[in-house]
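# Residue-level structural notes
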Amino acid sequence: RKNIHQRNENPSQTIPQTTLSVTSELDPATAFHKLQPASLSPTESVIESGTVSEQIPGKTVPPPNESVITEPEKSIEPKVEVVAGGDPEVLSPKSKEIETSRLSHSSSLSVLLGIARRDNIPRHWEIAKQPNGFFLILGASGSGKTETLKVIASEIHKFGVPCLIFDFHGDVVLEGAEDYILSHGPACTHGINPMELDSTDPADGGVYAQVNILLSMLKACIPSLGHRQWRVIKDVLNEAYDLAGINDRDPASWNRTPPTFGEVLNLLDHQLEDDTFSRSQKNIIESAYDAIARVFEHPIFDRGQQISIDDLLERSHRLNLVHLEEDIRFVVTDTLLRKLARALKAKGNIPVQPQNDFERFRLFVFVDEAKILSMGGKDRDASSAVLNTLATEYRKFGLGMVLASQMSDHFSNETKAQMATRLVLKPFDFAEAKKNAQDVNLTADDLIQLTGRGDGYLRLGTQSSPIRIQIIPLANRKE
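This write-up is about the structure you can find in this document. In this text the structure is predicted, and so the values were computed from the model without any measurement. (Residues numbered from 1 in each chain as written. Predicted model: local features only at pLDDT ≥ 70, side-chain atom pairs only at ≥ 80, totals over all residues. Heavy atoms only, no water.)

## A word on the overall build of the chain
The line we're drawing: Each helix corresponds to a stretch of at least 4 residues labelled H or I by DSSP, and each strand to a stretch of at least 2 residues labelled E; elements are numbered beginning at the N terminus. By definition in these notes, contact holds between two residues if any of their heavy atoms fall within 4.5 Å. Residue burial considers only the protein chains on display, and all accessible areas are found by Shrake-Rupley using a 1.4 Å probe.
Broken down by element type, the chain carries 13 helices and 16 strands. In the chain, the share of contacts with a sequence separation of at least 24, taken over all contacts with a separation of at least 6, comes to 73%. Carbon and sulfur atoms form 48% of the exposed surface of the chain, whose accessible area is close to 21,900 Å².

Right under this line is the structure:
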């Protein structure tokens, strides 16, 4: 990062062009346009107020604290080559390479998303200009959610901020990121321990808080148990911590090695063999054991080597969870997000006025099919639900998030309210379109008319009118 910063402090340095090959899924017979922006020098750029950096001849980039007044009459008029019958808003497979000169700042994170269909101008996610680094992507299977995640993760990773991808389908591959395969098989070399305390802060951490977190997480996976079984599970969790020498009376004990799910099951086994328990009591214990055993016995919670949270904060990783059952995915993802939250909080607040995006962001988390974190239905809206906690409290600790799912209903109103940037892609049907349209101030009919993969409406910050854009896939980008 130091070298990058020094390299870009020289205003006379040549800044490389990014060459983009843009295609869509229109019939090859469809007419096409070719965008040919004027050749620009490295300093010929203007940054408009709002969201988009557009390259304009004759304009210079102002010093960091000076504003720019854009002169509309001097804005770029894209050169367009029209074939008879062409639609003025689309780019077809016959479009040639588009060259755009992107100003490269060592301190400013700007993610090229795609091309605006109304004017063929590249559109960027200029994160520092938004209230936060939270991005919500909605769309049906095949609409381009995964490709959009890859596009954003790739640019943020190249910029130098660590990315952590929770990949539930095995297809959000990030070049340069370290991969962890999480499964029951021998290919999985690292595990996690959900019983490790999320917080060792005497004000809000400890055993009592952790047991309640575990119970909430387990109830999302196992909603059918009665209150007597949950009482047994709560008591045995507390007993496991006590036997490990960890208790709320002694905060110094909170740093000791925590118990494991396997040890909790062993305690329940001992109770079933204890003749001092009545037959009816043993029936309750047995039903509690059977309910949690499927989760607690999974090998991912019994690995000798744990996933290092420090490593996840240091460099980019992809967690491949495709081989895990849905309830295990939920426990793993929920646990890791809580551990990451604890680690970010321990680093303290980011500066009130960050000097650059390296100060503003410590980690970007990507979750494809984030509905996994909405298991249990009602827990989605609880203030203690992990996404709600991260969205409302962790921007000040340097967290960015990009969340993708099929429907708006998969997220709580609390989480959605914090999503400064939103992209809505093609829905599955009209009912889904009605639910998703409100997130970009459109109608269901607007979304139904979206045509293919990567075609969607982008809304940035408080912008009232969304922009229809075509996401540029990674395969069509050339540096």
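So that's the structure; there's more coming.
## Side note on the pattern of salt bridges
Going by this rule: When a carboxyl oxygen of Asp or Glu lies within 4 Å of a side-chain nitrogen of Lys or Arg, that pair is called a salt bridge. Classification of residues uses two cut-offs on accessible area relative to the type maximum, computed with a 1.4 Å probe and protein chains only: under 20% is buried, over 50% is exposed, and between them is partly exposed.
Tallied over the entire structure, the rule returns 23 salt bridges. Here arginine 117 makes a salt bridge to aspartate 455, at a shortest N to O gap of 3.2 Å. Of this pair, arginine 117 sits in the loop between strand 5 (110-116) and strand 6 (122-126) while aspartate 455 sits in strand 14 (residues 455-460), placing them 338 residues apart in sequence. When its relative accessible area of 7% is taken as the criterion, arginine 117 is described as buried. Judged by its relative accessible area of 0%, aspartate 455 is buried.

## Details of the nonpolar core
Stated precisely, the cut-off is as follows: Put simply, a nonpolar core is a bunch of buried Ala, Val, Leu, Ile, Met, Phe, Trp, Tyr and Cys residues held in one set by side-chain atoms that sit within 4.5 Å of each other.
Judged by nonpolar contacts, the single largest core of 87 residues is most densely connected at Phe166, Leu182, Ile233, Phe301, Val332 and Met401. The biggest single contributor to this core is helix 8 (residues 326-346), with 10 residues. Residues Val111, Ile127, Cys163 and Ile165 belong to the second largest nonpolar core, which totals 33 residues.

## Digging into unusual backbone geometry
Here asparagine 120, not a glycine, exhibits a phi torsion of approximately 60 degrees, which is positive. Structurally, asparagine 120 is set in the loop between strand 5 and strand 6. Phi is positive for asparagine 441, close to 55 degrees, though the residue is something other than glycine. As for its placement among the helices and strands, asparagine 441 is situated in the loop between helix 12 (430-437) and helix 13 (444-448).

## Section: the packing of aromatic side chains
Two numbers describe a pair of aromatic rings. These are the distance of the centres and the angle of the planes. We count it as follows: Working definition: rings of Phe, Tyr and Trp (its six-membered ring) pair if their centres are within 6.5 Å, and the pair is stacked with planes under 30 degrees apart, edge-to-face with planes over 60 apart, and tilted otherwise. We count a charge as sitting over a ring when the NZ of a lysine or the CZ of an arginine lies within 6 Å of the ring centre and within 35 degrees of the ring normal.
Counted by the stated rule, this structure contains 7 aromatic pairs. A centroid spacing of 4.7 Å and a plane angle of 45 degrees characterise the contact between phenylalanine 361 and phenylalanine 364, whose relative ring orientation is tilted. Across the pair, phenylalanine 364 and phenylalanine 361 agree in class, each one buried. Their ring planes at 55 degrees and their centres at 5.1 Å tell us that tyrosine 394 and phenylalanine 397 sit as a pair that is tilted. Note on phenylalanine 397: relative accessible area 6%, which makes it buried. Cluster of aromatic residues (ring-pair linked, three or more members): Trp125, Phe135, Phe361 and Phe364. Directly above the ring of tryptophan 230 sits lysine 219, whose terminal nitrogen or CZ lies 5.6 Å from the centroid.

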